[in-house]
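Per-entry structural report
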Amino acid sequence: MAEERPGAWFGFGFCGFGQALGCGRGRQVHSPEPLRAGADVCCVSAAWSYTAVVTRGGRVELSGSVSGAAGGCRAAWAAEGLVAVLCGGPGPEAELQAWAPESALRGEPLWAQKVPPEPEGEDGTRGGEARAGPLPLLPCARAYVSPRPPLYRLLAPELRARRLELGAEHALLLAAGGQVFSWGAGRHGQLGHGALEAELEPRPLEALQGLRMAEVAAGGWHSVCVSEAGDIYVWGWNESGQLALPARSLAEDRKAVVGKATGPQEDGRETGRAAAGEDGAPVAFIAVQPFPALLDLPLGAEAVKASCGSRHTAVVTRTGELYTWGWDVQTSGWGHHPSPPQGGWQPRHCSHIGTCRRPESVSSGGHGTPAL
């Protein structure tokens, strides 16, 4: 999901279910194409098999494995088993509705609840330092919607949430002060605490203490955050190179393996080696990265936005450039190349949107990526 901004939305990736990612032709959109709704789109949320698009007129439209439309909407959030719709205006008249995607947004929702108003700032205006980001975090910044029961979940008031992202089995929360919390399953290192155990309650990432973060993003089983200085930190599962670290599966797919891996070690690193890095030296595969790792973009570019799909990552820089990496050409906008260089795990500039259009935001989901 991305916040409302003027501009044109582009999409690329897997669209075998007919979800809106571009012109609507074929099962894959290899290069960014304008969404069919054009400039009327204000926000997009992409699940694995369908996409929810909200227009500036307040209409939400579903396309893909399910279809449907409804009016009077402010925002929508798509998950495979649930589509959440925020209806009405700001304040006490706002209502959160949870629908089964196959309902086509007709009849009665599975669940509905009035949404408390946004918190007041120190100057008495709505939306102070703890102002909530897009769904699944609610405007009150004190609760979020979950694709699994209970659908409405309260947050501890001391967290003062600014943004919340949900992966397949974990959650990331960005607090008003720039601190990052994580909880949920941790078997792929997606929590960033150095271990693979689950956390039942939000726990701060000690490795990021003292660093103010501006963005968080949760993939299927990996996590990304962007600092206020524009630095990128990644952790979790790297099976498809979604952390921009060498991945054994991609190297094997391209017959670039030298030697034979004997299995992952305790820290997730494997003993096999890829062919070589840019300097010709052997590269160790990384299956799991349990701690946040600093990632450098080409040419020292600074990031401002990040988004994660199931097994890929997309980042927008301060200068409006889009970089993508992970699995694979059908999701990452590399164009019609049969295979990306360096096995697909290194950040690659997506230059197909055009020189007159610079991305401002990005929203990944499943195996597709809409960009504004």
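Before going into details, it helps to say that this report is about the structure given with it. Nothing here was measured: the structure is a model prediction, and the numbers come from that model.

**Here we look at the overall build of the protein**
On a plain count of helices and strands, the protein comes out with two helices and 28 strands. Evaluated residue by residue, the protein yields a buried proportion of 54% over its 372 residues. Within the protein, counting contacts between residues at least 6 apart in sequence, those at least 24 apart form 47% of the total. Taken as a whole, the protein presents about 15600 Å² of accessible surface, with 50% of it coming from carbon and sulfur.

**Considerations on the pattern of salt bridges**
Side chains bearing opposite charge may pair, as long as their charged atoms lie close to each other. One pass over the structure, following the stated rule, counts nine salt bridges. The salt bridge partner of arginine 203 is glutamate 199, with a shortest N-O separation of 2.8 Å. On the basis of relative accessibility, which here comes to 21%, the residue glutamate 199 falls in the partly exposed class. Because the salt bridges share partners, they merge into one network encompassing Arg163, Glu165, Glu215 and Lys305.

**Description of the pairing of strand β24 (residues 303–308)**
Buried residues dominate β24, accounting for five of its six residues. Here β24 runs beside strand β25 (residues 312–317); their pairing, made up of five bridges, is antiparallel. Bridging across to β25, lysine 305 finds its partner in valine 316. The antiparallel pairing of β24 with β25 creates a hairpin that spans three residues between the two strands.

**Focus on the packing of aromatic side chains**
Per the stated rule, a full pass over the model turns up four aromatic pairs. Each ring, one from phenylalanine 17 and one from tryptophan 48, has its centre 5.8 Å from the other, and the planes form 75 degrees; the classification is edge-to-face. Of this pair, phenylalanine 17 sits in the loop between β1 (10–14) and β2 (28–34) while tryptophan 48 sits in the loop between β3 (41–46) and β4 (50–55), and the two are 31 residues apart along the sequence. Looking at arginine 311, its charged tip hangs above the ring of tryptophan 327, at a distance of 4.6 Å from the centre.

**Here's the deal with the sheet that holds β3**
The strand order across the open sheet formed by four strands is β3-β4-β5-β6, and the pairing between neighbours is antiparallel. What marks the edges here is a single partner per strand, and that holds for β3 and β6 (68–70). Between one strand axis and the next, the sheet turns by 15 degrees as a mean value, whatever way the strands run. Pairing of β3 with β4 involves five bridges; the strand directions are antiparallel. Opposite serine 45, over in β4, you have alanine 52 as the bridge partner.

**Considering the environment of cysteine 225**
One can find cysteine 225 in strand β18 (residues 222–227). Take cysteine 225: its relative accessible area is 0%, and that puts it in the buried class. The spatial distance from the C-alpha of cysteine 225 to the C-alpha of leucine 294 is 9.9 Å, given a sequence separation of 69 residues.

**Section: the nonpolar core**
Val224, Ile232, Val234, Leu297, Val315 and Trp325 are the most contacted members of the largest nonpolar core, which has 18 residues in total. At the level of elements, β18, β19 (232–237), β23 (288–295), β24 and β26 (322–326) are the ones that each hand at least two residues to this core. With three residues, the single largest contributor to this core is β24.

**Description of the sheet that holds β19**
Reading across from one edge, β17-β18-β19-β23 is the order of the four strands in this open sheet, with antiparallel pairing throughout. At either end of the open sheet lies a strand with only one pairing partner, and these are β17 (213–218) and β23. Strand after strand, the sheet turns through a mean of 15 degrees between neighbouring axes, direction not considered. In this structure, β18 lies alongside β19, joined through five bridges in antiparallel fashion. Residue pairing for β19: valine 226 is matched across the bridge by isoleucine 232.

**Some points on unusual backbone geometry**
Across the junction of leucine 135 and proline 136, the peptide omega takes the value 20 degrees, indicating a cis bond. With respect to the secondary-structure elements, proline 136 resides in the loop between β10 (111–114) and β11 (143–145). Despite not being glycine, alanine 244 shows a phi value in the positive range, around 60 degrees.

**Focus on the pairing of strand β9 (residues 95–99)**
In terms of residue burial, β9 counts as a mostly covered element, since four of its five residues are buried. Of the pairings in the sheet, the one linking strand β8 (residues 82–87) to β9 comprises five bridges and is antiparallel in character. Bridging from a neighbouring strand, valine 85 pairs with glutamine 97 of β9. In this sheet, β10 lies alongside β9 in antiparallel orientation, the contact comprising four bridges. Bridge pairing in β10 places leucine 96 opposite glutamine 113.

Conventions and cut-offs
- Residues numbered from 1 in each chain as written.
- Predicted model: local features only at pLDDT ≥ 70, side-chain atom pairs only at ≥ 80, totals over all residues.
- Heavy atoms only, no water.
- Helix = DSSP H or I, 4+ residues; strand = E, 2+ residues; numbered from the N terminus.
- Buried < 20%, exposed > 50% of the residue type's maximum accessible area, 1.4 Å probe, protein only.
- Contact = heavy atoms within 4.5 Å.
- Areas by Shrake-Rupley, 256 points an atom, 1.4 Å probe, with all protein chains shown as cover.
- Salt bridge = Lys/Arg side-chain N within 4 Å of Asp/Glu carboxyl O.
- Pairing = 2+ DSSP bridges.
- Phe/Tyr/Trp six-rings, centres within 6.5 Å; stacked < 30°, edge-to-face > 60°.
- Lys NZ or Arg CZ within 6 Å of the ring centre and 35° of its normal.
- Axes fitted to C-alpha atoms, helices over the stretch in contact; angles between N-to-C directions.
- Core = buried A, V, L, I, M, F, W, Y, C linked by side-chain atoms within 4.5 Å.

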